[in-house]
Amino acid sequence: MTKENIINPQNLVYKKPSLMNNTPMHYCPGCSHGMVHKLVAEIIEEMEMTDNTIGICPVGCAVFAYNYLDIDWIEAAHGRAPACATAVKRLWPDHLVFTYQGDGDFACIGTAESIHAMNRGENIAIIFINNAIYGMTGGQMAPTTLMGMKTATCPYGRQADLHGYPLKMTELAANLEGTCYITRQSVHNVAAINRTKKAIRKAFENSLTGKGTSLVEVVSTCNAGWKLTPVQANKWMEENMFPYYPLGDIKDTTKE
Amino acid sequence: MNRIAGIIVVDTERCKGCGLCVEACPKKIVRLTEKSVNKKGYPYAIQTESELCNGCTSCGIVCPDGCITVYRKKWKEEQV
């Protein structure tokens, strides 16, 4: 069996989703954003919603997401993606509307918009990337930074008396009446990526069928901000992030 | 006997050399180049012993930049 026999379109088993274009991504090597972008592209392709999807970009590392996926995007003001998505979904009720936000956008500057959009039960899907740090601006402390974790603005580690406690937005969202599907996933290995894909697909379907707000938190790495290699960052995340941010479904009212 | 052969094709110019595919490969046959780099200056992923590859797609799934394309072919040994 020669190489030329195997490399043949009929033997193709995995390739980059065609919705993802060839623009080189600005993300650091090994960044979790790439994996989640790929999942979003694959899911939209599988659902055949390419022409009927509107994504809302955040401010943060994913600010250029509109450059990489060939769907319709809107760039919202910092933290205002859920408010923007509310308007889009109400004007285009048959469209799939999702926001793609980081922890600085969703859990810090946009907390009011996030909580009120979820409390109103807007039929949108929210993808929340939680890497416990402000990646784009150079690794400052975020609301989700773990206790004792060192960042550029808390060089001696986060302390409760000085900085308060890490914010669990996902648990907070589960208490709101308007939300229908709340889950926390990760993308550190193949099995976790497959679970995240299922979760995002379910969130997108909930958006289309109008069941309420779905929130998929993706616990992810920021190896540049954490000053680790991508492989070490995944190990650090498993050891330190997962005990505080346990993975799994937190709320699912769509089951019955 | 049924055999499965896999092969990966890496978009070397898009690869950033993060090494996640090296860690994800169950057969440990993907590695990063040691001496050559791409135009951006990153070492890139290459497949070393391609006869061991069974096309499981693990490397492709974990690649954040979508640089890896995987091909898999099944065939009967007598045909070779």
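Since the model is a prediction, treat every value here as computed from it, not as a measurement.

## Here we look at the overall build of chain B
Scanning chain B from N- to C-terminus turns up two helices and four strands. Its helices and strands taken in sequence order, chain B reads β-α-β-β-α-β from the N to the C terminus. In chain B, which comprises 80 residues, the proportion classed as buried is 49%. Taking the contacts inside chain B whose residues are at least 6 apart along the sequence as the reference set, 67% of them involve residues at least 24 apart.

## A few points about the interface of chain A and chain B
Each partner contributes to the interface: chain A provides 33 residues, whereas chain B provides 29 residues. With both chains or domains summed, chain A and chain B bury close to 2,600 Å², and 68% of this area falls on carbon and sulfur atoms. Counting the contacts that link chain A with chain B gives one salt bridge. Note that lysine 235 of chain A is salt-bridged to glutamate 23 of chain B, the shortest N-O span being 3.9 Å. Taken together, the links from chain A to chain B amount to ten residue pairs in polar contact (both at pLDDT 80 or more). Secondary-structure elements contributing two or more residues to the side of chain A that touches chain B are α1 (3-6), β1 (12-14), α2 (32-47), α8 (190-209) and α10 (230-244) of chain A. A total of four residues in the side of chain A that touches chain B trace back to one element, the largest contributor, which is α10 of chain A. Taken together, the residues of the side of chain A that touches chain B sort by class into 18 nonpolar, ten polar and five charged. One ladder, built from two bridges, connects β1 of chain A with strand β4 (residues 68-76) of chain B; its direction is antiparallel. For leucine 12 of chain A, the partnering residue across the bridge sits in β4 of chain B and is tyrosine 71 of chain B.

## A few points about the sheet that holds strand β8 (residues 248-252) of chain A
Residues and elements named next belong to chain A. The seven strands are arranged β3-β2-β4-β5-β7-β6-β8 in an open sheet whose pairing can be described as mixed. Both outer strands of the open sheet, β3 (72-75) and β8, are each paired with one neighbouring strand and no more. Across the sheet, the mean angle separating the axes of adjacent strands is 15 degrees when strand polarity is ignored. Of the strand pairs in this sheet, strand β6 (residues 179-186) and β8 are connected by four bridges, and their pairing is antiparallel. Directly across from threonine 183, in β8, lies its bridge partner aspartate 249.

## Points about the packing of aromatic side chains
The description of two aromatic rings rests on the distance between their centres and on the angle between their planes. Residue and element names in this part refer to chain A. All chains considered together, the criterion is met by seven aromatic pairs over all chains. Measuring from ring centre to ring centre gives 4.7 Å for tryptophan 226 and tryptophan 236, while their planes differ by 50 degrees; the resulting arrangement is tilted. Here tryptophan 226 is found in helix α9 (residues 223-226), whereas its partner tryptophan 236 is found in helix α10, with ten residues between them in sequence. Using a relative accessible area of 11% as the deciding quantity, one classes tryptophan 226 as buried. Put simply, the rings of Trp73, Phe98 and Phe204 touch in pairs and so form one group of aromatic residues. Above the plane of the ring of tyrosine 244 lies lysine 168, whose end atom (NZ or CZ) is 4.4 Å from the centre. The side chain of lysine 202 reaches across the aromatic face of tyrosine 181, ending 4.7 Å from its centre.

## A word on the packing of α2 of chain A against α8 of chain A
Residues and elements named next belong to chain A. Running from amino to carboxyl end, α2 crosses α8 at an angle of 50 degrees, the nearest separation of the two axes being 10 Å. One element, α2, and the other, α8, form an angle in the oblique class. Judged by the sense of rotation from one axis to the other, the crossing of α2 with α8 is right-handed. In this structure, α2 uses Met35, Val36, Leu39, Val40, Glu42, Ile43, Ile44, Glu46 and Met47 to contact α8, whose residues at the interface are Ile193, Thr196, Lys197, Ile200, Arg201, Phe204, Glu205 and Leu208. Residue composition of the contact of α2 with α8, by class: eleven nonpolar, one polar and five charged.

## Observations concerning the sheet that holds β4 of chain B
Reading across from one edge, β1(A)-β4(B)-β1(B) is the order of the three strands in this open sheet, with antiparallel pairing throughout. With partners counted over all chains shown, the strands left at the sheet margins are β1 of chain A together with β1 (2-10) of chain B, one partner each. Mean inter-strand twist for the sheet, computed between neighbouring axes without regard to direction, equals 30 degrees. Bridge count between β1 of chain B and β4 of chain B: nine bridges; the pairing is antiparallel. Residue pairing for β4 of chain B: alanine 5 of chain B is matched across the bridge by lysine 73 of chain B.

## Some remarks on the side chain of threonine 170 of chain A
Residues and elements named next belong to chain A. For threonine 170, the location among the structural elements is in helix α7 (residues 169-174). Looking at threonine 170, the relative accessible area reads 0%, which means it is buried. Those residues in contact with threonine 170 that sit more than four places away from it in its chain are Phe128, Ile182, Thr183, Arg184, Leu215, Glu217 and Ile250.

## Description of the pattern of salt bridges
All names here are of chain A. Scanning all chains against the criterion turns up twelve salt bridges over all chains. A salt bridge links glutamate 46 to lysine 197, with the nearest nitrogen and oxygen atoms 2.8 Å apart. With glutamate 46 in helix α2 and lysine 197 in helix α8, the pair connects residues that are 151 residues apart, well separated along the chain. Where aspartate 252 meets lysine 202, a salt bridge forms, and the shortest distance between an N and an O atom there is 2.5 Å. With aspartate 252 in strand β8 and lysine 202 in helix α8, this residue pair connects regions lying 50 residues apart in the sequence.

Here is what the cut-offs are and how they apply
Residues numbered from 1 in each chain as written. Chains lettered and ligands numbered in written order. Predicted model: local features only at pLDDT ≥ 70, side-chain atom pairs only at ≥ 80, totals over all residues. Heavy atoms only, no water. Helix = DSSP H or I, 4+ residues; strand = E, 2+ residues; numbered from the N terminus. Buried < 20%, exposed > 50% of the residue type's maximum accessible area, 1.4 Å probe, protein only. Contact = heavy atoms within 4.5 Å. Buried area = accessible area lost by both parts, 1.4 Å probe. Salt bridge = Lys/Arg side-chain N within 4 Å of Asp/Glu carboxyl O. Polar contact = N/O pair within 3.5 Å; in protein donor to acceptor, adjacent residues only side chain to side chain. Nonpolar A, V, L, I, M, F, W, Y, C, P; charged D, E, K, R; others polar. Pairing = 2+ DSSP bridges. Axes fitted to C-alpha atoms, helices over the stretch in contact; angles between N-to-C directions. Phe/Tyr/Trp six-rings, centres within 6.5 Å; stacked < 30°, edge-to-face > 60°. Lys NZ or Arg CZ within 6 Å of the ring centre and 35° of its normal. Parallel < 35°, antiparallel > 145°, perpendicular 65-115°, else oblique. Left-handed = near helix turned anticlockwise from the far one by under 90°.

Bear in mind that shape data such as this cannot, by itself, settle questions of function.
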